[in-house]
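Read off the chains here:
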Amino acid sequence: MKITQYLLRLYPRTWRERYEEEFLAMLEQRPISFLDGIDLFFGALDAQLHPHLGTTGMSLYERFVHMFATLRRSLLTIFCAYVGFILAGWAFQKMTEYDDFKEAAQTHSIVGLSFHLVVIGAVAALLAVLAGGLPIAVAVVRSALVQKRRGPLLLLATPILAFAIFLGTMFLLEAFHHPGNQHSPMGQMVLDRGLFFGTLIAAAIVSAGSVCFAVARSEISERLLHFAVLPSILATISMALILAATITWGLSLRDGAPQLFAGNNGIVGSSTIGTWLAIVIAMAIATVLAALSLMRGLSARSALRNVTV
Amino acid sequence: MDTLNLGRFSDPPILILASLAGSPKHGYAIMEDIETFAGVHLGPGTLYGAIARLETQGLIEPLPAEERRRPYRLTATGIAFLQEQLTSLETFASMGLQRLASI
């Protein structure tokens, strides 16, 4: 029964408020099998992707508020997925800076083509995020100025501050990095890398979180959210394109330049295969998250239109 | 239990509507009934996914809860919809039988 309750927690809150009690009563009469457990998992996924399910008991206004909040949350999740994707994309860009990879891209056409596709996808995703996000950021600033609230403005400024802290940390690492340091070379390397990746990931999390918090606490018009859906679709498609191109890049590198692929030319001297796999996994997680959020957002937008019509 | 291949009529929503055509039922009774008359086991996630959709579409409606269990019944729209679907199945079946008879 415990597993059932854990699985039920995967369902959206609105759905649980409406069906949980009778659902549990049904499951008490018939213990679930392993296949039923899988069915329950997919049922939860289905309910997450269709947020209008379970809202029949709500008033029109409550339904509107619920769908509006769901659409906003979905768009913000896509933004967070994009930030995570950027980190993986940045790792890919750093890895392919080495001359050996540039040479491979020139020698092997598929390696070169897939690399160009990654660049094209990155530009398209950035433009899409800017197109959808900038009007919302402007609305947050306007809303903060009208209501004379400094909080949202500070939250929007946080990414700049986080970036400055990241650059400051890099500067300090560079300044203290000299041969006469008391740490062993291995200890120094672990410290440097730990600080670098720790600061980078913390800066990304804090930046994405503060932007999301600012948007969630500001008055954003329904029109702006509707407008942001198309750029979100483009951003998600671009992420999927980059993911496919990155996978193709790795596979074609394995065939075209096996020694390079099997070498240690990954991030900070790690294995190329390991770095490539980690990048692909991170990109895949971010893309799946963005795609699921997009489906949920589209469903919420459709329900929102039905409520407002 | 043998599983009948009901094609598109094995869609969970149609099975649930057909089950409720007999009488109002709660979730567990619907599941049992469908297993009996169609030989199809609906998982709990599938069953409640379909119930939620049918309710949203106004094809079924909940009745007051009996302890923790909540029965559902067909609405007038649900009856008309099921009628249409079953008539379509009947037409399809009689056409198929006529063609078989001419072989």
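Please read all numbers here as calculations on a predicted model, not as lab measurements.

Caption draft 1: Looking closely at the overall build of chain B. The number of helices and strands found in chain B is four helices and two strands. When the elements of chain B are put in sequence order from the N terminus, they spell out α-α-α-β-β-α. When the backbone C-alpha atoms are referred to their principal axes, chain B occupies close to 55 × 30 × 20 Å. Out of the 103 residues in chain B, the part that is buried amounts to 39%. Residue pairs in contact within chain B that sit at least 24 positions apart in sequence constitute 47% of those at least 6 positions apart.

Caption draft 2: Just the overall build of chain A, in detail. Each helix and strand in chain A was counted, giving eleven helices and zero strands. From first element to last, N terminus to C terminus, chain A shows the α and β order α-α-α-α-α-α-α-α-α-α-α. Along the longest, intermediate and shortest principal axes, the C-alpha atoms of chain A span 70 × 55 × 45 Å. Taking all 309 residues of chain A together, the buried fraction comes to 42%. Across chain A, contacts joining residues at least 24 apart in sequence account for 79% of those joining residues at least 6 apart. Counting every atom, chain A has about 16,700 Å² of accessible surface; 70% of that belongs to carbon and sulfur. Between the mean site of the 22 positive side-chain charges and the mean site of the 18 negative ones, chain A shows a separation of 10 Å.

Caption draft 3: Geometry of the interface of chain A and chain B. The partner chain B presents 24 residues to the 24 residues of chain A that form the contact. In terms of surface lost to chain B, no three residues of chain A exceed E22, M26 and R30 of chain A, which account for 28% of the buried area on that side. Counting every contact that joins chain A to chain B gives seven salt bridges. In this structure, R53 of chain B and D46 of chain A form a salt bridge, with 2.8 Å as the shortest nitrogen-oxygen distance. At the junction of chain A and chain B, the tally comes to 18 residue pairs in polar contact (both at pLDDT 80 or more). Going through the elements one at a time, α2 (13-29) and α3 (34-49) of chain A are the ones with two or more residues in the side of chain A that touches chain B. Of the residues forming the side of chain A that touches chain B, the biggest block, twelve residues, is contributed by α2 of chain A.

Caption draft 4: Geometry of the confidence of the model for chain B. All names here are of chain B. Summarising the model, chain B shows a mean pLDDT of 88, and 90% of its residues fall at 70 or more. The secondary-structure element of chain B with the lowest mean pLDDT is helix α2 (residues 27-38), recorded at 93, while strand β2 (residues 72-74) shows the highest, at 96. Every residue in residues 1-9 is under pLDDT 50, and counting partners more than four places away or in other chains gives 15 contacts. Reported for the predicted complex are a pTM of 0.84 and an ipTM of 0.82.

Caption draft 5: Quick peek at the packing of aromatic side chains. Following the criterion strictly, the structure yields 18 aromatic pairs over all chains and no others. Taken together, a centroid distance of 6.0 Å and an interplanar angle of 20 degrees make the contact between F64 of chain A and F68 of chain A stacked. Residue F64 of chain A and its partner F68 of chain A are located together in helix α4 (residues 60-95), separated by four residues, close to a single helical turn. For F68 of chain A, a relative accessible area of 13% gives the class buried. Arranged with centres 5.1 Å apart and planes meeting at 80 degrees, the rings of F196 of chain A and F197 of chain A form a pair that is edge-to-face. Taken together, the aromatic side chains of Y11, W15, Y19 and F23 of chain A together with Y48 of chain B make up a single cluster linked through ring pairs.

Caption draft 6: How the structure looks around a nonpolar patch on the surface. Among the surface-exposed residues, L10, F34, L35, I38, F41 and F42 of chain A lie close enough to one another that they form a single nonpolar patch of about 650 Å² accessible area. Tracing the sequence through the fold places F42 of chain A in helix α3.

What counts, and at which threshold
Residues numbered from 1 in each chain as written. Chains lettered and ligands numbered in written order. Predicted model: local features only at pLDDT ≥ 70, side-chain atom pairs only at ≥ 80, totals over all residues. Heavy atoms only, no water. Helix = DSSP H or I, 4+ residues; strand = E, 2+ residues; numbered from the N terminus. Buried < 20%, exposed > 50% of the residue type's maximum accessible area, 1.4 Å probe, protein only. Contact = heavy atoms within 4.5 Å. Areas by Shrake-Rupley, 256 points an atom, 1.4 Å probe, with all protein chains shown as cover. Lys, Arg positive; Asp, Glu negative; His and termini not counted. Charge placed at Lys NZ, Arg CZ, Asp CG, Glu CD. Buried area = accessible area lost by both parts, 1.4 Å probe. Salt bridge = Lys/Arg side-chain N within 4 Å of Asp/Glu carboxyl O. Polar contact = N/O pair within 3.5 Å; in protein donor to acceptor, adjacent residues only side chain to side chain. pLDDT = per-residue confidence, 0-100. Phe/Tyr/Trp six-rings, centres within 6.5 Å; stacked < 30°, edge-to-face > 60°. Patch = residues over 30% accessible without salt bridge, like charges linked within 9 Å, V, L, I, M, F, W, Y side chains within 5 Å.

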